[in-house]
Amino acid sequence: MTGLEDLYREIILDHYRSPRNRGELPAPPAQRVEGFNPLCGDEVVVYVQVNDGTVTDIRFAGQGCSISQSSASLMSSAVKGKSVAEARNLIRTFKAMMSVHEARLGDAPEGASSNGSGEDGADVAAPDPESLGELAALQGVVKFPVRIKCATLSWNTLAQGLDEAEQGTPSPF
Amino acid sequence: MTDSRLDPKTAPTMRTEPCPSAVDFSKLKGDFPVLSRTVHGHRVVYLDSAASAQRPQSVLDAMDTYYQTTHANVHRGVYTFAEEADRLYEAARVAVGRLIGAPDPEHEVIFTKNATEAINLVAATWARSNLRSGDVVLLTDMEHHANIVPWLMLAEERGIELRWIGIDDEYRLDLSDLDRLLDGVKLVACTTMSNVLGTITPFAQIAEAAHRAGAVVLADGAQSVPHIPTDVARLGCDFLAFSAHKMLGPTGIGVLWGRRELLEAMPPFLGGGGMIRDVRHDGYTANVLPWKFEAGTPPIAEAVGFGAAVSYLESIGLDAIRAHEAELTAYARSVLTERFGDDLKIFGPPGTVERGGVLSLAYRDVHPHDLAQVLDQAGVCVRAGHHCAKPLMRRLGVNATARASLYLYNDESDVDVLADAIAEAGTLFA
């Protein structure tokens, strides 16, 4: 039995009620990237400012549930001031944590199918939650497979933003 | 064809039980095995029938018995199994046609995959042979994507114009400008009941005006046919689309009903076996109705289950089902309003006359996904999201709602559990 307390940790509710780095950045010079979850209609807009290989500033806007909004807030706090390489590592580590595969080895949630799949390419060794700091609070989401896409929406959007920033391509939006 | 099919003229009439009080709805849960399940330690409270309903034992038995005692492909064999499959498949067609008052069910009821495919069939055949660049199709702001995207695709393909009937502040269609909107319209495609708002549209009024303007009229009946007595003549539609799985039947089968002269004039839909009279190196001759539109092996066991679902609905009576749901909707509104006041908003018309048992909810600033997650923990199944009606969601100014939808097996205790679970969500997200 998986309780709601695994999903709605206090840190998550705090970031949902008081999101960090919510807002916009002028784009350009920032990259502005939109992400959608077509299943539920959630949307996020990530503004990321990269200077000399460092994420110097980040903001997010959009609408979504507590998981998608708190994940975006936690993400923005985690990557701000980091190098692009560190940010990419963090994205990889976070998406690995969101892998359903790992959760299957433990207690599968009631009624879940035995061959569910996590995020693409996330089937790697379990990350050390210690290295994730506050982000580890989102670990409980994997026990609710339908909500994984809520948690990863802003991260996938950030990854796209970093790609575009490094390629120097103008934002398509 | 065999002679043993049901004759629609001698079949029972569609309203088997006009007196609502004759049915004890509190006992119906027992007919649905899945409703005895527990989820997270709680009795399951299923409030998502607008997405897909559950099945009574009689439907499961009909399909099991079919596969355990017979089965062959239809329309192709002379042996006993084939004759039985053929007879059962065609009997289901007649039973389904009878439920909607089809004057000629043997020819006018086309089995499709679902309501979506039924609408796509009309878009691919009738519309392609009747609409050209500049022609107008009139839709409404309440449509499900199934009755929007096929027309958007056609608009891209051949430059037809789409117009939209808006909605008023009480979530009804705004017909004040109908005559102007209908000017030059070739097709009106309109829902009979909104899957988000529960609004029952004044379809007959729209159809009459549309016919005066020379337009053909398609009804998306996916939400109303399972819940409200339906008569195609009274609706005044030329086409009616609906799905079995929303009316206690299996998934994988739906219906397009069409007026016979329209269906006769339409080109076939998919090509393949069953839909042809003759095939040569240089061409083919299409089969007669209804098989002209049923290429390939159809969903035979599903048709048998669909027929059993229709029998179950008729044994209770659509009038009684409608009355039960109206009563339960009124109860739900009063309980939710009393307990949550202005914290809870219901997107839909007031009263129960112009609406069915679909309650789209916004509770404080709790996101619908979070609300649905907390409700699931209490065993309550509601849908959260845009409900495949994004133009309507934009009109309502929301990204998503949490939707509780009622059916014949729901009762006041289900509404009470829903209200308690909403209160729990309020505590968690205080």
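As the structure is a computational prediction, the values presented were derived from the model and not from experiment.

**A closer look at the overall build of chain A**
The secondary structure content of chain A amounts to 6 helices and 3 strands. The 173 residues of chain A split such that 45% are buried. Long-range contacts, defined here as pairs at least 24 residues apart, represent 72% of the contacts in chain A between residues at least 6 apart.

**A closer look at the nonpolar core**
The biggest cluster of nonpolar side chains holds 134 residues, and the ones touching the most others in it are Val188, Ala241, Val255, Val304 and Ala309 of chain B. Ranked by residues supplied to this core, first place goes to helix H10 (residues 300-316) of chain B with 10 residues. There are two domains that each give this core at least three residues, and those are domain 1 (42-46 + 318-428) and domain 2 (80-314) of chain B. Setting aside its immediate chain neighbours within four residues, Val304 of chain B contacts Ala62, Met63, Tyr66, Leu88 and Ala92 of chain B. The next biggest cluster of nonpolar side chains, apart from the first, holds 42 residues, and it includes Cys65, Leu138, Val142 and Leu162 of chain A.

**Describing the sheet that holds strand S14 (residues 358-363) of chain B**
All names here are of chain B. Across the sheet, which stays open at both edges, the 4 strands sit in the order S13-S14-S17-S16 with antiparallel pairing between neighbours. Because the sheet does not close on itself, it has two edges, and the strands there are strand S13 (344-347) and strand S16 (383-385). Neighbour-to-neighbour, the strand axes of the sheet open up by a mean angle of 30°, direction not taken into account. Here S14 pairs with strand S17 (residues 401-405) via 4 bridges, running antiparallel. Within S17, the position partnered with Leu359 by the bridge is Ala404. On the sheet, helix H11 (residues 318-340) packs against S13 and S14 and is oriented at approximately 150° with respect to S13.

**Some words on the domain arrangement of chain B**
Residues and elements named next belong to chain B. Considered domain by domain, chain B is made up of domain 1 (42-46 + 318-428) and domain 2 (80-314). Look at where the C-alpha atoms of domain 1 and domain 2 centre, and you get two points 28 Å apart. Between domain 1 and domain 2, the residue contacts involve 24 residues of the former and 23 residues of the latter. Those elements that place two or more of their residues in the side of domain 1 that touches domain 2 are H11, S14, helix H13 (390-396) and S17. In terms of residues, the side of domain 1 that touches domain 2 owes the most to one element, H11, which gives 5 residues. The class makeup of the residues in the side of domain 1 that touches domain 2 is 11 nonpolar, 6 polar and 7 charged.

**Topic: the packing of H11 of chain B against helix H14 (residues 412-428) of chain B**
When two helices pack together, their arrangement is given by the angle between the helix axes and the distance between those axes. Residue and element names in this part refer to chain B. With their axes 10 Å apart at the nearest point, H11 and H14 run at an angle of 25° to one another. Between H11 and H14, the crossing angle belongs to the class labelled roughly parallel. Between H11 and H14 lies a crossing whose hand is right-handed. Contacts between H11 and H14 involve Leu328, Tyr331, Ala332, Val335, Leu336, Arg339 and Phe340 from the former and Glu412, Val415, Asp416, Ala419, Ile422 and Ala423 from the latter. Partitioning the contact of H11 with H14 into residue classes produces 10 nonpolar, no polar and 3 charged.

**Digging into the sheet that holds strand S2 (residues 42-51) of chain A**
For sheets, the rule is that strands pair by backbone hydrogen bonds, running either parallel or antiparallel. Residues and elements named next belong to chain A. If you walk across this open sheet you meet the 3 strands as S1-S2-S3, and the pairing is antiparallel. Looking at the sheet topology across the chains shown, the edges are occupied by strand S1 (31-37) and strand S3 (54-63). Neighbour-to-neighbour, the strand axes of this sheet turn through a mean angle of 20°, independent of strand direction. Those strands touched by helix H3 (residues 66-79) are S2 and S3, and its axis lies near 170° from that of S3.

How each quantity is defined
- Residues numbered from 1 in each chain as written.
- Chains lettered and ligands numbered in written order.
- Predicted model: local features only at pLDDT ≥ 70, side-chain atom pairs only at ≥ 80, totals over all residues.
- Helix = DSSP H or I, 4+ residues; strand = E, 2+ residues; numbered from the N terminus.
- Buried ≥ 20, exposed ≤ 12 C-beta atoms within 10 Å, placed from the backbone.
- Contact = placed C-beta atoms within 7 Å.
- Core = buried A, V, L, I, M, F, W, Y, C linked by C-beta atoms within 7 Å.
- Domains from an automatic or database assignment.
- Pairing = 2+ DSSP bridges.
- Axes fitted to C-alpha atoms, helices over the stretch in contact; angles between N-to-C directions.
- Nonpolar A, V, L, I, M, F, W, Y, C, P; charged D, E, K, R; others polar.
- Parallel < 35°, antiparallel > 145°, perpendicular 65-115°, else oblique.
- Left-handed = near helix turned anticlockwise from the far one by under 90°.

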